[in-house]
Amino acid sequence: TTDRFGSTGLVQWENLCAKAEGKWLFKTEEPSMLDCHVAGFMELLYLYQDGVFSNCTDRLDLKNKAPNVLAYVERFRAHPLIHEHRFREKAAIAHQVRTRGWKEGEKCQLSLEVLEGAFD
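Residues numbered from 1 in each chain as written. Predicted model: local features only at pLDDT ≥ 70, side-chain atom pairs only at ≥ 80, totals over all residues. Heavy atoms only, no water.

Student: What is the right way to read empty space enclosed by the protein from this model?
Tutor: Over the atoms rolls a probe the size of a water molecule, and in doing so it shows where empty space is left. Enumeration over the complete set of coordinates arrives at 1 cavity of 30 Å³ or more. Space inside the largest cavity adds up to approximately 30 Å³. For the largest cavity, the full set of lining residues is Leu44, Leu47, Tyr48, Phe87, Ala92, His95 and Gln96. Counting residues per element, the ones that place at least two in the lining of the largest cavity are helix H3 (33–47) and helix H7 (89–100). Examining the composition of the lining of the largest cavity, we find that 3 residues originate from one element, H7, more than from any other. Split by residue class, the lining of the largest cavity holds 5 nonpolar, 2 polar and no charged. (1 Å grid on protein atoms, 1.4 Å probe; cavity = no way out; pocket = protein on both sides within 12 Å on 5 of 7 lines; lining within 4 Å. Points joined across faces, edges and corners; volume = space filled by probe spheres on them. Helix = DSSP H or I, 4+ residues; strand = E, 2+ residues; numbered from the N terminus. Nonpolar A, V, L, I, M, F, W, Y, C, P; charged D, E, K, R; others polar.)

See the structure below:
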C-alpha cells in the first residue's frame, strides 16, 4: 500500500540518495550500473506526481519526505547520456490511465500502445 511504502521503501530510497551527497549512489562522478537499475524505479514514482496517481504521491508528500530522491531522479533524467532515453511523461501518464482502468483481479501489463510516444 501507499502508506506502507511511505514508511519503509521511500525512507530507504531517501536515505540512499541522501548518503550519496549529491553524487551518484556509489558516490561516483558518473552513474554506475546501480544507478541505471535503481533510477528507473524511482523515475516511475517521480512521474506519478503529475499523472492519475498523483493522489498517491501527494499522500507520500514527496517534496517534504523525499527531496533527495526527487533531486536524484531529476539529475539522472538530465544526464547527457540518459536524457534522450528517459521515460517520457506522455507514456507514463498513458500507462497510469490504462492501469487505473484495468479490470480488477487481472494483471495489468505494459503494452506497445501505451509506449507510443515514449521517446518523442
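Student: When you look at the packing of aromatic side chains in this model, what are you seeing that I'm missing?
Tutor: Geometry of an aromatic ring pair is reported as the spacing of the ring centres plus the angle between the planes. One pass over the full model with this rule turns up 5 aromatic pairs. An angle of 75° between the planes, with centres 5.2 Å apart, marks the rings of Phe5 and Trp13 as edge-to-face. In this structure Phe5 comes out as partly exposed when scored by relative accessible area, which is 24%. Ring centres 5.8 Å apart and planes at 70° place the aromatic pair Trp24 and Tyr72 in the edge-to-face group. Here Trp24 is found in the loop between helix H2 (9–19) and H3, whereas its partner Tyr72 is found in helix H6 (residues 67–78), with 48 residues between them in sequence. Across the pair, exposure class does not vary: Trp24 and Tyr72 are buried alike. (Phe/Tyr/Trp six-rings, centres within 6.5 Å; stacked < 30°, edge-to-face > 60°. Buried < 20%, exposed > 50% of the residue type's maximum accessible area, 1.4 Å probe, protein only.)

Student: Got a minute to help me understand H6 in this structure?
Tutor: Residues spaced three or four apart along an α-helix point in a common direction, a consequence of the helix completing one turn every 3.6 residues. The end-to-end C-alpha distance of H6 is 16 Å, a good match for the 16 Å that 12 residues give at a rise of 1.5 Å each. Among all positions of H6, only Val69, Leu70, Tyr72, Val73, Phe76 and Arg77 are buried. In an axial view of H6, the angular spread of the buried residues amounts to 160°, which keeps them on one side of the axis. Buried positions along H6 lie against H2, H3, helix H5 (62–65) and H7. (Expected span 1.5 Å × (residues − 1). Arc of directions from axis to C-beta. Contact = heavy atoms within 4.5 Å.)

Worth remembering: the numbers are spatial, not functional.
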